[in-house]
Amino acid sequence: MYEIGSFPGYRWSEWNGKFRDDIRSFVKGDPGIVKNVALRISGSPDLYQENHHLPVSGINFVTCHDGFTLNDLVSYNEKHNIDNGEHNNDGINDNLSWNCGVEGPTNDPQIEQLRKQQIKNFLTLLMISQGVPMLLGGDEMQRTQNGNNNAYCQDSEISWFDWGLTEKSADMVRFCSSLINFRKQNHALHQGYRFFDGSLNNRGIKDIDWHGCILNEPGWDDPDARALACTIGGIGDEPDLHVMMNMYWEPLDFEIPVIDGRSWYKAIDTAASSPEDIVESGSEMAFIGEGCTVKGRSIVILISR
């Protein structure tokens, strides 16, 4: 059964497979699903609110022990399960993955950079979403199963955990760790016991406002939309956040809202190299201007102070 959101009672929390599918499609570059992405970031009220459940009822995830690792999700278009002994017939076929132009390992630095960027996009979307984030162990260090999406039967390098990856992918480990801290520091990102309802903070900023490249025009019905933005009101005196998500392959210009008495600072840019991709709290550079150019297939997050 596929009964997400319909289990009886209020003590259930469940893996939100619709979060996985919508976020994979969005980061892959599929058009016209920004409304679904907004629902997933908002804690999936379409699944839980009508049944009087809460955002904590949903376990948000992109990858789990079944299927591709996060590294393989951005490195393979097809499963590679020959080593499982079932003629590649086992494991699911529709992975909503994209290999960034080359199937499997590559020495092309541009493709390697794009893959890292896509991984950071997935991690960022997971950590800014209402609900409970679940991270597959090893994704923070780009663990691979060589394209095997059904590795339960393997006792080999396919399934072993290579701790040497902590050094090889130290930049990704740092990004993931800093991103978790960013979520913890901004309580507006984990309001597990309420859904967004349009309420205002003490600066008159809504708990969430949705935009596209143009403020207040999120493009819910645009079949070509691959970009989404939102302003999240900080709780109390905490920073407000402005999130710009560009899953189009070319740069896009986003309008920036004005918050009286505060200025914007750049906290996260998934297109930047470490350590500029996520900046330690208090060390952010001031952002000047009424607009922000967000590179193709990347996310930029501003905070207000």
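Structure: above.
Residues numbered from 1 in each chain as written. Predicted model: local features only at pLDDT ≥ 70, side-chain atom pairs only at ≥ 80, totals over all residues. Heavy atoms only, no water.

(A) Structural detail: the nonpolar core. Core analysis: the largest hydrophobic core is formed by 49 residues, its most contacted members being Phe26, Leu125, Phe182 and Met245. When residues in this core are grouped by element, the largest group, eight residues, is from helix α5 (residues 109-127). Leave out the neighbours within four places in its chain, and phenylalanine 26 touches Ile33, Val34, Val37, Leu125, Arg226, Leu228, Met245 and Met247. Of all hydrophobic cores here, the second largest spans 13 residues; its members include Met244, Ile256, Val300 and Leu302. (Core = buried A, V, L, I, M, F, W, Y, C linked by side-chain atoms within 4.5 Å. Buried < 20%, exposed > 50% of the residue type's maximum accessible area, 1.4 Å probe, protein only. Helix = DSSP H or I, 4+ residues; strand = E, 2+ residues; numbered from the N terminus. Contact = heavy atoms within 4.5 Å.)

(B) Spotlight on the pairing of strand β6 (residues 241-246). Burial runs high along β6: six of the six residues are buried. Burial along β6 is two-sided: the residues Leu241, Val243 and Met245 and His242, Met244 and Asn246 are all buried. With six bridges connecting them, strand β5 (residues 227-232) and β6 associate as antiparallel partners. Paired with alanine 229 across the strands is methionine 244, a residue of β6. For β6 and strand β11 (residues 298-304), the ladder comprises six bridges, and the chain directions are antiparallel. Pairing of methionine 245 across the sheet is with isoleucine 299, part of β11. (Pairing = 2+ DSSP bridges.)

(C) Layout of helix α7 (residues 170-185). Across its 16 residues, α7 extends 22 Å between first and last C-alpha, which sits within 8% of the 22 Å expected from 1.5 Å per residue. Taken together, the buried positions of α7 are occupied by Met172, Phe175, Cys176, Leu179, Phe182 and Arg183. The buried residues of α7 occupy an angular sector of 120° when projected down its axis, which confines them to one face. Those residues of α7 hidden inside the fold are in contact with α5, β3 (132-133), β6, β8 (264-269) and β11. (Expected span 1.5 Å × (residues − 1). Arc of directions from axis to C-beta.)

(D) Looking closely at the side chain of asparagine 16. Looking at the secondary structure, you find asparagine 16 in strand β1 (residues 14-16). Within the structure, asparagine 16 has its side chain in polar contact with the backbone nitrogen of lysine 18 (distance 3.1 Å). Those residues in contact with asparagine 16 that lie beyond four places of it in its chain are Ile4, Ser44, Leu47, Tyr48, Ile59, Asn60 and Phe61. (Polar contact = N/O pair within 3.5 Å; in protein donor to acceptor, adjacent residues only side chain to side chain.)

(E) View of empty space enclosed by the protein. Counted according to the given criterion, the structure contains two cavities of 30 Å³ or more. Of the voids in this model, the largest cavity is the one considered here, and its volume is about 50 Å³. The wall of the largest cavity is formed by Val62, Thr63, Leu70, Phe122, Leu123, Leu126, Met134, Leu135, Leu136 and Asp139. A total of three residues in the lining of the largest cavity trace back to one element, the largest contributor, which is α5. Across the lining of the largest cavity, the residue classes tally to eight nonpolar, one polar and one charged. Approximately 30 Å³ is the volume attributed to the second largest cavity. Around the second largest cavity sit Gly5, Phe7, Trp12, Glu14, Tyr48, His53 and Ser57, which together line it. (1 Å grid on protein atoms, 1.4 Å probe; cavity = no way out; pocket = protein on both sides within 12 Å on 5 of 7 lines; lining within 4 Å. Points joined across faces, edges and corners; volume = space filled by probe spheres on them. Nonpolar A, V, L, I, M, F, W, Y, C, P; charged D, E, K, R; others polar.)

(F) Seen up close, the sheet that holds β3. The strand order across the open sheet built from three strands is β1-β2-β3, with neighbouring strands paired in parallel fashion. Looking at strand neighbours, the two that pair on one side only are β1 and β3, the edges of this open sheet. Of the pairings in the sheet, the one linking β1 to strand β2 (residues 58-60) comprises three bridges and is parallel in character. Paired with glutamate 14 across the bridge in β2 is glycine 58. Of the strands in this sheet, β1 and β2 are in contact with helix α1 (residues 17-28), which crosses β1 at around 15°. (Axes fitted to C-alpha atoms, helices over the stretch in contact; angles between N-to-C directions.)

In short, shape yes, function no, at least from these values alone.
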